[in-house]
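# Breakdown of the fold
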Amino acid sequence: MKRYALFFDIDGTLVSFKTHEIPPSTILALTQAKANGHRVYIATGRPPIIITNLGAIEHLIDGYITTNGAYCFVGNETVACQPIAKNDVLTIVNDAQEKGYSLIVVGRRDVAVLDPTGDVQRIFQQMLAVKNLDKASPLEKVLEQDIMQMTPFFPADYERQLMARLPQCISGRWHPEFTDITANGADKGKGILAIAQHDGLDASHTIAFGDGGNDTSMILQAGIGIAMGNAIDELKQQADYVTTSVDDDGVLNALRHFGII
């Protein structure tokens, strides 16, 4: 039997937006996949400090693609690290302060939160149940580090205006109210390639699961790209296969469909 490397987005793929937990069927599916000799990786827009909702499967995970591919690691070893250019970081910070929108600044070690509108509190902490943002550091401290990702809270129409000023950056939106900005060349698809090279994996024997716009690159890069039933329509159109939703045994059904379990 072929051995596959399985890459999973977190929010809306492994973790339900409704319950903020991993469905029991998904835990069962990943446990069986691992027992069958397959490898399990995370591919998320979250920085490590707020990956706090995977306790039920943490022992199964072989490596992480975080901040949409800007920072990837296996164990204590860094596999890929691609920070945003400092001038682009300052462009975004200054724009947020001038326009008054909320912004999360993700450094290599720490995270800063600017939340004048309360959008971070409302969306991340209340709607997405994100933990550890209370451990945020002062902006000045974080700006001394390499910046892996910037998450501004504004609609898509303004995103186009700002990105025109950031030629060295790309944007991956997975929520209507905010987007994740990373350096050019940092996305989940390139994260898969970096992990594959590091761990000696055949890139054609990779399977990626996602639901949002920031999952497009890995859905296209993986040997098999799977969109969840709750995924946005644009991702479903790019996927090789569309499974059921995260709350309707989507991961389990897809892994059974492809003979992984």
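In what follows, the accompanying structure is described.

Calculation rules
- Residues numbered from 1 in each chain as written.
- Predicted model: local features only at pLDDT ≥ 70, side-chain atom pairs only at ≥ 80, totals over all residues.
- Heavy atoms only, no water.
- Buried < 20%, exposed > 50% of the residue type's maximum accessible area, 1.4 Å probe, protein only.
- Helix = DSSP H or I, 4+ residues; strand = E, 2+ residues; numbered from the N terminus.
- Right-handed = clockwise from strand over helix to strand, strands pointing away.
- Pairing = 2+ DSSP bridges.
- Contact = heavy atoms within 4.5 Å.
- Axes fitted to C-alpha atoms, helices over the stretch in contact; angles between N-to-C directions.
- Expected span 1.5 Å × (residues − 1).

## Section: the pairing of strand 2 (residues 39-43)
For strand 2, a buried count of four out of five residues is recorded, marking the element as mostly surrounded by other parts of the structure. Once you follow strand 1 (residues 5-8) into helix 1 (residues 24-35) and on to strand 2, the crossover reads as right-handed. In this sheet, strand 3 (residues 63-66) lies alongside strand 2 in parallel orientation, the contact comprising three bridges. Looking across to strand 3, one finds that Y41 is bridged to G63.

## A closer look at unusual backbone geometry
Phi at T67 is positive, roughly 40°, even though this residue is not glycine. Tracing the sequence through the fold places T67 in the loop between strand 3 and strand 4 (71-74). Classification of T67 by relative accessible area gives buried; the value is 1%. In this structure, A129 is a non-glycine residue whose phi angle is positive, near 55°. Within the secondary structure layout, A129 lies in the loop between helix 3 (119-127) and helix 4 (139-142).

## Some remarks on the sheet that holds strand 2
One key point about sheets: their strands pair by backbone hydrogen bonds, in either a parallel or an antiparallel sense. Judged by pairing direction, the sheet is mixed, and its eight strands sit side by side in the order 5-4-3-2-1-11-12-13 without closing on themselves. For this open sheet the edge positions go to strand 5 (77-81) and strand 13 (241-242), each flanked by a neighbour on one side alone. Bridge count for strand 1 against strand 11 (residues 206-210) is four bridges, and the pairing is parallel. In the strand pairing of strand 11, F7 is matched with A208. Its contacts with the sheet put helix 6 (residues 188-199) on strand 1, strand 2, strand 3, strand 4, strand 5 and strand 11, and the angle it makes with strand 4 is roughly 30°.

## Looking at helix 2 (residues 86-99)
If you check helix 2, its first and last C-alpha atoms are 20 Å apart, about what 14 residues at 1.5 Å a residue would give, namely 20 Å. Listed as buried for helix 2 are D88, V89, T91, I92, V93, D95 and A96. Check the buried side of helix 2 and you find it contacts strand 6 (103-107), helix 4, strand 8 (147-152), helix 5 (156-163), strand 9 (169-175) and strand 10 (178-183). At the exit of helix 2 stands G100, carrying a positive phi of roughly 80°.

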